[in-house]
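# A look at the structure
Here's the letter readout for the chains.
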Amino acid sequence: PIKTAKTSFIGTYNMLGLAKRVNAKFLLASTSEVYGDPKVHPQPEDYWGSVNPIGIRSCYDEGKRIAETLCFDYQRSHNLDISIARIFNTYGPNMAKEDGRVISNFIVQALEGKDLTIYGKGSQTRSFCYVDDLVLGLIKLMNSNIHGPVNIGSNQEFTILELAELIRSKINPSLKLILKDLPEDDPKQRKPDLTLIKNKLNWEPTINLNNGLDKTIQYFKMLVK
Ligand code: UDP
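Residues numbered from 1 in each chain as written. Predicted model: local features only at pLDDT ≥ 70, side-chain atom pairs only at ≥ 80, totals over all residues. Heavy atoms only, no water.

### Comments concerning the pattern of salt bridges
What counts here: What counts as a salt bridge is simple: a side-chain nitrogen of Lys or Arg found within 4 Å of a carboxyl oxygen of Asp or Glu. Strands here mean DSSP runs of E at least two residues long; helices mean DSSP runs of H or I at least four residues long; both are numbered from the N terminus. Summary of the burial criterion: residues with accessible area below 20% of their type's maximum are buried, those above 50% are exposed, and those between are partly exposed, where the area comes from a 1.4 Å probe applied to protein chains only.
Under the defined criterion, the tally for this structure stands at 13 salt bridges. Where arginine 86 meets glutamate 68, a salt bridge forms, and the shortest distance between an N and an O atom there is 2.7 Å. Here arginine 86 is found in strand β2 (residues 82-87), whereas its partner glutamate 68 is found in helix α2 (residues 58-78), with 18 residues between them in sequence. Note that arginine 101 is salt-bridged to aspartate 99, the shortest N-O span being 2.9 Å. Using a relative accessible area of 45% as the deciding quantity, one classes arginine 101 as partly exposed.

So, in structure tokens, the structure goes:
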């Protein structure tokens, strides 16, 4: 956690200094985590969030928040050309097997014939964006003069239980779903308001969860023998 906070703050600070020196454009890969466990749903960019400053996720949430602050202070103080993307849950081929995030966990567990581990009751929601869509959005943002912050992600919302059932049905319907403890400060719901990126960059996700999962499962089949 200390390295996470340090990377977000000192890493962003160092990179902004470099961008200023060589007069480069700066893109910050920020996160929906800046909204914390949101009380507003879906989350628009002007929602300030609901973040615990001292919990186990805070190193990342607060780290990304200070990174956004640094970007805007470099823009105001040094006229640096910055853009901030707030990336919502993203998945796709080339994820690491041990990544620990939910889609790779469920796919790898199912391919290995293991039970799927649901944290809490699985009623929490997420909206999953396929990586190719996300990358296109980032390129569009980088080529624009919009500082943001701009939400990028999918607005198709699913409960974690629905996700587990979908992945299980695609790989091995006879597997069990087992309930584990919900980690502290796990957001209960998350879905981006995509109005800004649709209007300003004419971007919206094109690959739905069903098709994106098929491509991702195909990839993990090569890794899990
Ligand atoms: N999750 C789960 N089982 C897992 C991994 C994650 O139920 O094996 C849940 C997790 O508690 C969270 C959601 O899936 O509610 C998304 O978790 P992930 O770590 O992928 O992303 P984030 O919490 O950062 O949105």
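Don't stop here, the text continues.
### Remarks on α2
Operational definition: Helix span, expected: 1.5 Å multiplied by one less than the number of residues in the helix.
In this model α2 runs 29 Å from its N-terminal to its C-terminal C-alpha over 21 residues, within 8% of the 30 Å that 1.5 Å per residue would give. For α2, every residue scored as buried is listed here: Ser58, Cys59, Asp61, Gly63, Lys64, Ala67, Glu68, Leu70, Cys71, Tyr74 and Gln75. The positive-phi residue at the C-terminal boundary of α2 is asparagine 79, with phi of around 60°.

### With respect to the sheet that holds strand β1 (residues 26-31)
Going by this rule: Note: two strands are recorded as paired if DSSP finds a minimum of 2 bridges between them. Axes here mean lines fitted to C-alpha atoms, for a helix over just the part in contact, with angles spanning 0 to 180 degrees between N-to-C directions. By definition, residues are in contact when any of their heavy atoms lie within 4.5 Å.
What the three strands build is an open sheet, ordered β1-β2-β7; its pairing is parallel. Single-partner strands in this sheet number two, and they are β1 and β7 (150-152). Within this sheet the neighbouring strands show an average axis-to-axis angle of 30°, counted without direction. Where β1 and β2 come together, six bridges link them in parallel fashion. Bridge pairing links alanine 29 to alanine 85 in β2. Each of β1 and β2 is contacted by α2, which is oriented at about 155° to β1, the strand it contacts most. The strands touched by helix α4 (residues 131-142) are β1, β2 and β7; relative to β2, the strand with the most contacts, the crossing angle is about 160°.

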